[in-house]
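# An overview of the molecular structure
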Amino acid sequence: AMRIKCTYLLLLIWILFPNSGFATDDTFCSTLENEIRKNQIDLRLDLQPQTYTWGADYGIDLDWDSNMSYIRNEDGSINVFNVRNNNFDEEVFPSSKTIGPKDKIMFINKVSVSELSDNEIDTYFYPDIDESIESTAELNESLTLELGVRRQSSNEIKTIKVNPLYNIENWIYPEVNIHNFRYIDSKKGIYNLNLTLYYFWEIPELIPLYERLLGNYNIIEDQYDIAYCQIKPDIFESLQIWHPLLDFKNIIEESIDDSREYYIFEYVPSTNEEDASAYISYQWDGNTTLSSDFNFLAFPFDTQILSLDLMNARQASPIGYKWLKYSFIESEFEKNLKIPDWQVVSKDIVPRVEMSDYHRENRQIYSLQMRIERNYSYYVYKIIVPIMIILVVAWSALWVEPKQLESRLTITIICLLSLIAYNFIVDKDLPKLEYLTLLDYWILLSYLFAAVPTIISVISFKMLSNTNEKTLESFDKNVRFYGPILFIILVVSTFLALTFNNENTALFIRNTIF
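So, here's what we can say about the structure. (Residues numbered from 1 in each chain as written. Predicted model: local features only at pLDDT ≥ 70, side-chain atom pairs only at ≥ 80, totals over all residues. Heavy atoms only, no water.)

When helices and strands are counted, the protein shows 12 helices and 18 strands. Over its C-alpha trace the protein gives a radius of gyration of 34 Å, far above what one expects of a compact globule, namely 24 Å for 514 residues. For the protein, the C-alpha atoms occupy an extent of roughly 120 × 75 × 45 Å along the three principal directions. Residues counted as buried form 45% of the 514 residues belonging to the protein. In the protein, of all internal contacts separated by at least 6 residues, the share reaching a separation of at least 24 is 73%. Between the averaged position of the 43 positive side-chain charges in the protein and that of its 72 negative side-chain charges there is a distance of 11 Å. (Helix = DSSP H or I, 4+ residues; strand = E, 2+ residues; numbered from the N terminus. Rg over C-alpha atoms; globule rule 2.2 N^0.38 Å. Buried < 20%, exposed > 50% of the residue type's maximum accessible area, 1.4 Å probe, protein only. Contact = heavy atoms within 4.5 Å. Lys, Arg positive; Asp, Glu negative; His and termini not counted. Charge placed at Lys NZ, Arg CZ, Asp CG, Glu CD.)

Before going further, it helps to spend a moment on the packing of aromatic side chains. The full count for this structure, using the stated rule, is 28 aromatic pairs. The interplanar angle of 80 degrees and the centroid separation of 5.7 Å between the aromatic rings of F200 and Y279 together place this pair among those described as edge-to-face. Of this pair, F200 sits in strand β10 (residues 190–202) while Y279 sits in strand β15 (residues 277–291); the two residues are 79 residues apart in sequence, bridging distant segments of the chain. Above the plane of the ring of W399 lies R480, whose end atom (NZ or CZ) is 4.9 Å from the centre. (Phe/Tyr/Trp six-rings, centres within 6.5 Å; stacked < 30°, edge-to-face > 60°. Lys NZ or Arg CZ within 6 Å of the ring centre and 35° of its normal.)

Before going further, it helps to spend a moment on the packing of helix α9 (residues 405–426) against helix α10 (residues 438–463). For any two helices packed against each other, the geometry comes down to the angle between their axes and how far apart the axes lie. Contact geometry for α9 and α10: axes closest at 9 Å, N-to-C directions at 165 degrees. Comparing their axes, α10 and α9 come out roughly antiparallel. Between α9 and α10 lies a crossing whose hand is left-handed. Seen from α9, the contacting residues are L405, R408, L409, T412, I413, L416, L419, I420 and N423; seen from α10, they are I443, S446, Y447, A450, A451, P453, T454, I456, S457, V458, S460 and F461. (Axes fitted to C-alpha atoms, helices over the stretch in contact; angles between N-to-C directions. Parallel < 35°, antiparallel > 145°, perpendicular 65-115°, else oblique. Left-handed = near helix turned anticlockwise from the far one by under 90°.)

Moving on, we come to the nonpolar core. Counting residues in each nonpolar core, the largest one holds 118 residues, and the members touching the most others are F125, L147, I178, L206, F265 and L308. Considering each element in turn, this core owes the most residues, nine residues, to helix α8 (residues 377–396). I178 has contacts with L193, N194, L195, L308, F328, F333, L337 and M370, leaving out every residue within four places of it along the chain. (Core = buried A, V, L, I, M, F, W, Y, C linked by side-chain atoms within 4.5 Å.)

What follows concerns the pattern of salt bridges. If you walk through the whole model with that rule in mind, you get 16 salt bridges. Of the charged contacts in the structure, one is a salt bridge between D46 and R44, with a shortest N-O distance of 2.9 Å. Here R150 and D75 are joined by a salt bridge, their closest N and O atoms 3.7 Å apart. Pair noted here: R150 is in strand β6 (residues 145–150) and D75 is in the loop between β2 (60–62) and β3 (78–83), with a separation of 75 residues, a long-range link. By relative accessible area, R150 is classed as partly exposed at 22%. In this structure, a network of salt bridges that share partners links the residues E35, K38 and R212. (Salt bridge = Lys/Arg side-chain N within 4 Å of Asp/Glu carboxyl O.)

Let us now look at unusual backbone geometry. The residue after F299, namely P300, is reached through a cis peptide bond having omega 10 degrees. In the Ramachandran plot, E90 falls in the positive-phi region, its phi being about 65 degrees despite a non-glycine side chain. Relative to the helices and strands, E90 resides in the loop between β3 and β4 (104–108). The backbone of E332 sits at a positive phi, close to 55 degrees, despite the residue not being glycine. Its location among the elements puts E332 in the loop between α7 (321–328) and β17 (342–355).

To continue, consider the pairing of β10. Burial of β10 is extensive: 12 of the 13 residues sit out of reach of the surface. Counting the residues between successive antiparallel strands, the hairpin from strand β9 (residues 172–185) to β10 contains four residues, one of them, G189, with a positive phi of roughly 75 degrees. With 13 bridges connecting them, β10 and β15 associate as antiparallel partners. Each residue of the ladder has a partner; that of T196, found in β15, is D285. (Pairing = 2+ DSSP bridges.)

Nonpolar side chains collect at one region of the surface, where Y381, V385, I389 and V393 lie side by side and expose about 390 Å² of accessible area between them. In this fold, Y381 is placed in helix α8. (Patch = residues over 30% accessible without salt bridge, like charges linked within 9 Å, V, L, I, M, F, W, Y side chains within 5 Å. Areas by Shrake-Rupley, 256 points an atom, 1.4 Å probe, with all protein chains shown as cover.)

Following the sequence through the fold, N87 ends up in the loop between β3 and β4. N87 sits in the buried class, given a relative accessible area of 4%. Within polar-contact distance, the side chain of N87 engages the backbone nitrogen of E91 at 2.7 Å. Excluding anything up to four places from it in sequence, N87 contacts F93, T136, L165, Y166, N167 and E169. (Polar contact = N/O pair within 3.5 Å; in protein donor to acceptor, adjacent residues only side chain to side chain.)

A separate point is the layout of surface pockets. Approximately 910 Å³ is the volume found for the largest pocket. Forming the walls of the largest pocket are 33 residues, and the residues nearest its centre are T53, Y126, W171, Y173 and K322. Examining the composition of the lining of the largest pocket, we find that five residues originate from one element, α7, more than from any other. Computed from the structure, the second largest pocket encloses a volume of approximately 300 Å³. (1 Å grid on protein atoms, 1.4 Å probe; cavity = no way out; pocket = protein on both sides within 12 Å on 5 of 7 lines; lining within 4 Å. Points joined across faces, edges and corners; volume = space filled by probe spheres on them.)

Here we come to the sheet that holds strand β16 (residues 303–312). Pairing is antiparallel across the open sheet formed by four strands, whose spatial order is β12-β16-β18-β17. Both outer strands of the open sheet, β12 (246–248) and β17, are each paired with one neighbouring strand and no more. Adjacent strand axes in the sheet meet at a mean angle of 20 degrees when their direction is disregarded. Sheet contacts for α7: β16, β17 and β18 (362–374); angle to β18, the most-contacted strand, approximately 10 degrees.

In structure tokens form, the structure reads like this:
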């Protein structure tokens with residue numbers, strides 16, 4: 001009875017005093033939304049957030065692993081992952097003209113990189129500067145680095161001097177998680193997959209707002225959980241907060257009905273080691289169709305590269321590649337993928353700078369590339385082997401006596417017609433292209449050499465009347481010997497011509513033959 005009375009008392013207080021604490025329509029998140037609307041102009045949340053990331057910047061992003069350690073080669077050198085083009089003030093990094101992705105840094109100021117620890121390397125590339133410095137012109141000339149660089153395309157080590165720029169950056173940290181492939185339409189050059197695109201950025205301007213609200217409601221425990229707010233896109237747009245625009249440049253279509261998107265506001269309380277911080281993140285889940293350049297010259301022994309070209313439409317905010325690399329390269333999501341007729345054999349992230357047709361200025365693009373290899377066994381056992389059997393049967397007619405023309409022609413013509421009919425059946429499994437593939441050349445050579453026994457049979461029969469039997473037998477013997485050899489030479493020559501130095505050739509062929 002006492003418990004029931006207390007319950008009624010608490011209910012009465014909640015009804016009479018709805019503003020004490022959070023009512024059902026006045027949660028922390030809704031309160032935060034209202035406070036952002038009230039303070040939007042004062043805090044200038046429509047502008048790019050201020051950041052604590054500032055200093056001397058060489059524009060060189062070195063390659064890290066998941067443990068935040070530099071990836072070192074066998075000789076102790078470190079790899080350049082990317083070289084950014086501009087700083088926040090649109091000044092061009094000098095390093096962007098002399099150093100490129102995948103170059104190796106061998107020496108720093110004449111000291112071998114193999115003798116330097118990661119912390120020592122950081123002191124070179126991220127030097128401490130005076131807080132009063134606010135421009136590149138104020139930077140000390142002693143910050144110039146002398147780098148020994150081995151270019152990706154050669155073994156020669158070149159000495160390159162690079163100067164830093166003063167930079168203030170608000171980095172955007174994306175993740176791309178691929179869940180499954182829905183289909184790959186190699187004939188149309190498109191593919192569809194189910195993925196999650198997630199990215200976040202720091203927004204220090206919201207920290208005092210969070211702290212005031214948490215203090216007003218005397219929230220001390222579980223501050224992160226209470227301040228975690230999931231916002232719908234239409235509400236976020238109404239708040240008029242600056243946000244980056246990350247998307248895939250080669251996207252063709254996004255599914256609207258099957259997709260889900262939202263924004264998340266996060267507050268991380270201060271600790272003894274770290275100051276408080278605030279973040280906004282965006283997440284999109286759904287199916288998307290993208291285009292990719294397919295090269296079928298080596299078909300059916302081909303590999304293709306499926307790319308997701310991630311681009312930030314707001315060039316002022318660079319993309320932080322570490323999270324991107326971890327989610328795409330090191331997550332090993334391909335082990336759970338089921339791709340009909342294909343398998344993922346390698347992954348890579350290839351940075352590049354490309355001129356935007358819309359903005360008329362350079363844009364940084366991270367191309368997330370998956371190399372997929374075709375399961376060629378179907379084409380070997382269902383097309384190549386049956387055609388080979390038909391050819392063998394057609395050429396067996398040359399072992400029949402030349403005077404038995406009708407028997408020879410019966411075999412050769414039936415084989416030729418069978419080959420034509422069979423190609424009509426398998427034609428639906430072949431890509432329709434404006435150029436010939438390796439399998440197309442194989443089929444054309446098969447047509448040609450399936451017709452040769454018919455022509456030889458007619459010639460041999462014609463020679464019966466004016467050629468002795470020994471000469472005729474020698475003629476047939478030479479045709480039976482050199483004909484298949486010529487066919488093999490033409491097939492091998494065509495194979496080498498289409499697969500040699502072709503990056504789209506199956507890996508087992510390149511590793512075995514070349």
